[in-house]
Amino acid sequence: MKKHNFNAGPSILPREVIENTAQAILDFNGSGLSIMEISHRAKDFQPVVDEAEALFKELLNIPEGYSVLFLGGGASLEFCMVPYNFLEKKAAYLNTGVWAKKAMKEAKGFGEVVEVVSSAEANYTYIPKDYSMPADVDYFHITTNNTIYGTELKTDPDVNVPMVADMSSDIFSRPIDVSRYICIYGGAQKNLAPAGVTFVIVKNDALGKVSRYIPSMLNYQTHVDNGSMFNTPPVVPIYAALQTLRWIKANGGVAEMEKRAIEKADMLYGEIDRNKMFVGTAVKEDRSRMNICFIMAPEYKELEADFMKFATEKGMVGIKGHRSVGGFRASCYNALPKESVQALIDCMQEFEKLH
Ligand SMILES: *Cc1c(COP(=O)(O)O)cnc(C)c1O
């Protein structure tokens, strides 16, 4: 039976990304060796990093003066690297959920952290928009897509301070104005590659402004100076990321990814709103295109496990909601075909007919 992969992360990748990576694991570039058993400094591997970096810049329209890094540690290590490198006195954070809170927690070890506003009181079902920004902060940190709660900032906020963004789960799903940010980072395992590589887009002239000592591995400058090769980078995930970047380009780039994301999200939210058995959890205007969260309507609450079983039997994978929201979460990343969204909608409609 065909599986429809709605996993939140690690998550679906384009089939050709998996096939090309599998091929390179068996025989990299016809060398007779696996990509897993060659030096990251081999002359064959450097072009992989170079092309991945060039495609990042091209696809996201990254201006001059920025570096793209491929590191280890996940987005979670960036929660501490960001304040290590940029927080001298004070930073502002938008608290939109678990990941934002974890980022704030790390920053508190480095300076004053201002939570400009939070939607915690409503279990993070919306993106708060009413806040004032202290003028003297070193940066304003946002989480553009809240993977757990299914809310998303679909446009770049307009503030007068430099921004830092965790874009782990919506990178390459819409065009962004990189010039508004000094740093954009994310774990690759949601929309780009298998787990193991972290992407960081950093503005070069924003570095070197804090007075503390920064350990080499945690200093962005180290990785800028060494082209992500200060130590052994995650070679296989970088190779897979390159395949995804090529796939995005061949499929019309980020503008086309956004168009598809809107189409898929409109289809599924349309069904959630139409179907009497389900309700969406996020406030409509802040609904994420990447992680679509919904629960049973109160009068059908006891059918939650039944629907889960019904959908699983029809090939749906990974639709269980995060424990802090409950219900269901259908992650609709770039690689998820429209047919999978339609298959889930068909399930919801058939289930409605049965009841
Ligand atoms: C998954 C996720 C993280 C955590 O990423 P790791 O790479 O596992 O550290 C952080 N932020 C967001 C928005 C995420 O979706």
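Just above, that's the structure.
In this report, the structure presented in the accompanying data block is examined. By convention here, each chain's residues receive numbers from 1 onward along its written sequence. The model is predicted, so local features are restricted to residues of pLDDT at least 70 and side-chain atom pairs to those at 80 or more, both for listing and for counting; the totals for chains, interfaces and linings are taken over all residues. Side-chain descriptors were evaluated using all non-hydrogen atoms of the structure, hydrogens and water having been removed beforehand.

Here's the deal with the layout of surface pockets
Buried and open spaces are told apart on a 1 Å grid over the protein atoms alone, a cavity being a set of points where a 1.4 Å probe fits but cannot get out and a pocket being an open set with protein on both sides within 12 Å along at least five of seven lines. Residues with an atom within 4 Å of a point are the lining residues. Grid points are joined across faces, edges and corners, and a volume is the space filled by probe spheres set on the points. By volume, the largest pocket is sized at about 180 Å³. Lining the largest pocket are 13 residues, and of these I127, K129, L153, K154 and T155 sit closest to its centre. Under the grouping applied here, Gly and all other residues not named as nonpolar or charged are polar, the nonpolar ones being Ala, Val, Leu, Ile, Met, Phe, Trp, Tyr, Cys and Pro and the charged ones Asp, Glu, Lys and Arg. Of the residues contributing to the lining of the largest pocket, the split by class is six nonpolar, one polar and six charged.

What to know about empty space enclosed by the protein
Evaluated as defined, the whole model comprises one cavity of 30 Å³ or more. For the lining of the largest cavity, the class distribution of residues is six nonpolar, three polar and no charged.

Notes on the sheet that holds strand 12 (residues 291-296)
Any two strands with at least two DSSP-identified bridges between them are counted as paired. Helix numbering and strand numbering both begin at the N terminus, where a helix is a DSSP run of H or I of at least 4 residues and a strand a DSSP run of E of at least 2. Pairing within the open sheet is antiparallel, and its three strands lie in the order 11-12-14. Looking at strand neighbours, the two that pair on one side only are strand 11 (278-280) and strand 14 (328-331), the edges of this open sheet. Between one strand axis and the next, the sheet turns by 35 degrees as a mean value, whatever way the strands run. Bridge count for strand 12 against strand 14 is four bridges, and the pairing is antiparallel. The partner of F294 across the bridge, within strand 14, is F328. Orientation is described by lines fitted to C-alpha atoms, with helices fitted over the stretch in contact, and by angles between N-to-C directions that extend from 0 to 180 degrees.

Considerations on the site of the ligand
The rule for a residue being near a molecule or strand is that one of its heavy atoms must lie within 4 Å of it. The environment of the ligand is formed by 14 residues, the closest being S76, T147, D166, Q189 and K190. In protein, a polar contact means a hydrogen-donor-capable atom and an acceptor-capable atom, both N or O and within 3.5 Å, with residues adjacent in sequence counting only if both atoms are side-chain atoms; elsewhere, any N or O pair within 3.5 Å suffices. Between the ligand and S76 there is a distance of 2.6 Å, counted from an oxygen atom to a side-chain nitrogen or oxygen. Accessible surface area values rest on a Shrake-Rupley calculation with a 1.4 Å probe, where residue burial reflects the displayed protein chains alone. Here the ligand has 390 Å² of accessible area as a free molecule, and 87% of this is covered by the chains. With four residues, helix 3 (residues 74-86) is the largest single contributor of residues to the shell around the ligand. Of the residues belonging to the shell around the ligand, the class tally is three nonpolar, nine polar and two charged.

A closer look at the pattern of salt bridges
Salt bridges, as used here, are contacts in which a Lys or Arg side-chain nitrogen is within 4 Å of a carboxyl oxygen on Asp or Glu. Within the structure shown, the criterion is met by 22 salt bridges. Between R274 and E352 there is a salt bridge, with the nearest N and O atoms lying 2.9 Å from each other. Linking R274 in helix 7 (residues 253-274) with E352 in helix 9 (residues 338-354), this pair joins segments that are 78 residues apart in sequence. Exposed residues in this analysis have more than 50% of their type's maximum accessible area, buried residues have under 20%, and partly exposed residues fall in between, with area computed by a 1.4 Å probe over protein chains only. Its relative accessible area of 15% is what places E352 among the buried residues. With its nearest N and O atoms 3.9 Å apart, the salt bridge here joins K276 to E352. With K276 in the loop between helix 7 and strand 11 and E352 in helix 9, the pair connects residues that are 76 residues apart, well separated along the chain. When its relative accessible area of 41% is taken as the criterion, K276 is described as partly exposed. By sharing partners, the salt bridges in this structure join E271, R274, K276 and E352 into a single network.

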